[in-house]
Amino acid sequence: MLNIVLFGPPGAGKGTQSQKLIAHYKLVHLSTGDLLRAQITQGTELGLRAKKLMDEGLLVPDEVVIGMIDSALQDNKQAAGFIFDGFPRTVPQAESLDRLLAQHETRVSCMIALEVGEEELVKRLLERGKTSNRPDDQDESKIRRRVNVYNTETAQVAGYYANQHKFHALNGIGQIDGIFTQICGLIDQHQQPVVEDPAKAAAEVKA
Ligand code: B4P
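Values in this document were obtained by computation on a predicted structure and should not be read as measured data.

**Q** Would you mind going over the site of the ligand with me for this structure?
**A** The environment of the ligand is formed by 31 residues, the closest being G13, T32, R37, L58 and R146. Here an oxygen atom of the ligand sits 2.6 Å away from a polar atom, N or O, in the main chain of L58. Between G174 and the ligand, the recorded distance is 3.0 Å, taken from a backbone N or O atom to a nitrogen atom. Protein coverage of the free-state accessible area of the ligand, which is 1000 Å², stands at 88%. Mapping the ligand onto the cavity grids shows that it belongs to the largest pocket. Listing elements by their share of the shell around the ligand, those giving two or more residues are α1 (14–25), α2 (32–42), α6 (118–132) and α9 (176–191). Examining the composition of the shell around the ligand, we find that four residues originate from one element, α2, more than from any other. Looking at the shell around the ligand residue by residue, the class counts come to 13 nonpolar, ten polar and eight charged.

Set out below in structure tokens:
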């Protein structure tokens, strides 16, 4: 299975690139932001609690998002793999994801982080806020708070995957298609079959 964690601050392009990646690799897209917004639209109790936090640019409690990912994995047992978009956002979420994937006899293949500076993030999200109807995209101080939450609570998740030798960072500024090509290059490296004995493999290729 191919399981990609797409990482980066709010507005880095995670949602944008996820749409292209699910079409290219036929993966299931799991965006905790989208799952939470669906709960808000349905007017569930969980959605009402999440909305207050999201509108303020704060994180929703770990157990809520972990529970949503757990049920989404149960609902997609036949999937070829997943794009995790906006999850995990804390180290406890990352630890839970490892545990949940192990229950399904799979694991995270790699994390790809999109790096974008704060001023560009603010510009992109204010622009999206003109049409998205998302309260968290319409107020500059809330956008800056989200970036601050990312820097203080989420950025350390990168270290968690670096320790597992699964972390890759890319410049998230540039043409969307160009960034997509670079992401695919990194993912394809992780899809290469593991060669146990390079000399034997080379001899087989010659023969
Ligand atoms: P999310 O829904 O995850 O949203 P996001 O991080 O704001 O956006 P994303 O990063 O996907 O946007 P994109 O760059 O694609 O989170 C919303 C809230 O939900 C959080 O603040 C939190 O409250 C809650 N939440 C979600 N998951 C949680 C979790 N695991 N734990 C706790 N709380 C959680 O797009 C941004 C804009 O940039 C778009 O308009 C796009 O067109 C543009 N763009 C993209 N790439 C571009 C490029 N290369 N050049 C120019 N513009 C570009």
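Let's pick the thread back up.
**Q** Got a minute to help me understand the side chain of S109 in this structure?
**A** Its location among the elements puts S109 in the loop between α5 (91–103) and β4 (110–115). Looking at S109, the relative accessible area reads 13%, which means it is buried. Those residues in contact with S109 that lie beyond four places of it in its chain are M1, L2, N3, I4, K166 and H190.

**Q** Help me understand the layout of surface pockets in this model?
**A** One way to see where empty space is left: roll a probe the size of a water molecule over the atoms. Here the largest pocket is characterised by a volume of approximately 880 Å³. Residue lining of the largest pocket: 44 residues in total, with P10, K14, R89, R134 and R146 positioned closest to the centre. Elements with a contribution of two residues or more to the lining of the largest pocket: β1 (2–7), α1, β2 (28–31), α2, α6, α7 (140–154) and α9. Residues belonging to the lining of the largest pocket are distributed by class as follows: 17 nonpolar, 17 polar and ten charged.

**Q** Explain the packing of aromatic side chains to me, please; I cannot follow it from the model alone.
**A** Remark: the centre distance and the inter-plane angle together describe each pair of aromatic rings, the angle taken between the planes. Under the counting rule described, the total for this entry stands at three aromatic pairs. With 5.7 Å between their ring centres and 45 degrees between their planes, F7 and Y150 make a pair best called tilted. Here Y150 lies in helix α7 and F7 lies in strand β1, a separation of 143 residues in the sequence. Here F7 matches Y150 in class, with each residue buried. With centroids separated by 5.8 Å and ring planes inclined at 35 degrees, the aromatic side chains of F82 and F84 adopt a geometry described as tilted. For the pair F82 and F84, one class covers both residues: buried. The ring of F180 has K20 lying over it, and the distance from NZ or CZ to the ring centre is 5.2 Å.

**Q** I would appreciate a short explanation of the pattern of salt bridges in the present structure.
**A** Should the charged atoms of two oppositely charged side chains come close, the side chains can pair. For the structure shown, the criterion picks out 16 salt bridges. Taking the shortest distance from any N to any O, the salt bridge between K123 and E120 comes out at 3.4 Å. Here the residue K123 and the residue E120 both occupy positions in helix α6, the gap between them amounting to three residues, near one helical turn. We classify E120 as partly exposed; its relative accessible area is 22%. Where R146 meets D137, a salt bridge forms, and the shortest distance between an N and an O atom there is 3.0 Å. There is no split in this pair, since R146 and D137 are both buried. Three or more residues joined by partner-sharing salt bridges are found here, namely R128, R134, D136, D137 and R146.

How each quantity is defined
- Residues numbered from 1 in each chain as written.
- Predicted model: local features only at pLDDT ≥ 70, side-chain atom pairs only at ≥ 80, totals over all residues.
- Heavy atoms only, no water.
- Near = heavy atom within 4 Å.
- Polar contact = N/O pair within 3.5 Å; in protein donor to acceptor, adjacent residues only side chain to side chain.
- Areas by Shrake-Rupley, 256 points an atom, 1.4 Å probe, with all protein chains shown as cover.
- 1 Å grid on protein atoms, 1.4 Å probe; cavity = no way out; pocket = protein on both sides within 12 Å on 5 of 7 lines; lining within 4 Å.
- Sits in = over half its atoms within 2 Å of the grid points.
- Helix = DSSP H or I, 4+ residues; strand = E, 2+ residues; numbered from the N terminus.
- Nonpolar A, V, L, I, M, F, W, Y, C, P; charged D, E, K, R; others polar.
- Buried < 20%, exposed > 50% of the residue type's maximum accessible area, 1.4 Å probe, protein only.
- Contact = heavy atoms within 4.5 Å.
- Points joined across faces, edges and corners; volume = space filled by probe spheres on them.
- Phe/Tyr/Trp six-rings, centres within 6.5 Å; stacked < 30°, edge-to-face > 60°.
- Lys NZ or Arg CZ within 6 Å of the ring centre and 35° of its normal.
- Salt bridge = Lys/Arg side-chain N within 4 Å of Asp/Glu carboxyl O.

Taken by themselves, the reported measurements are silent on function.
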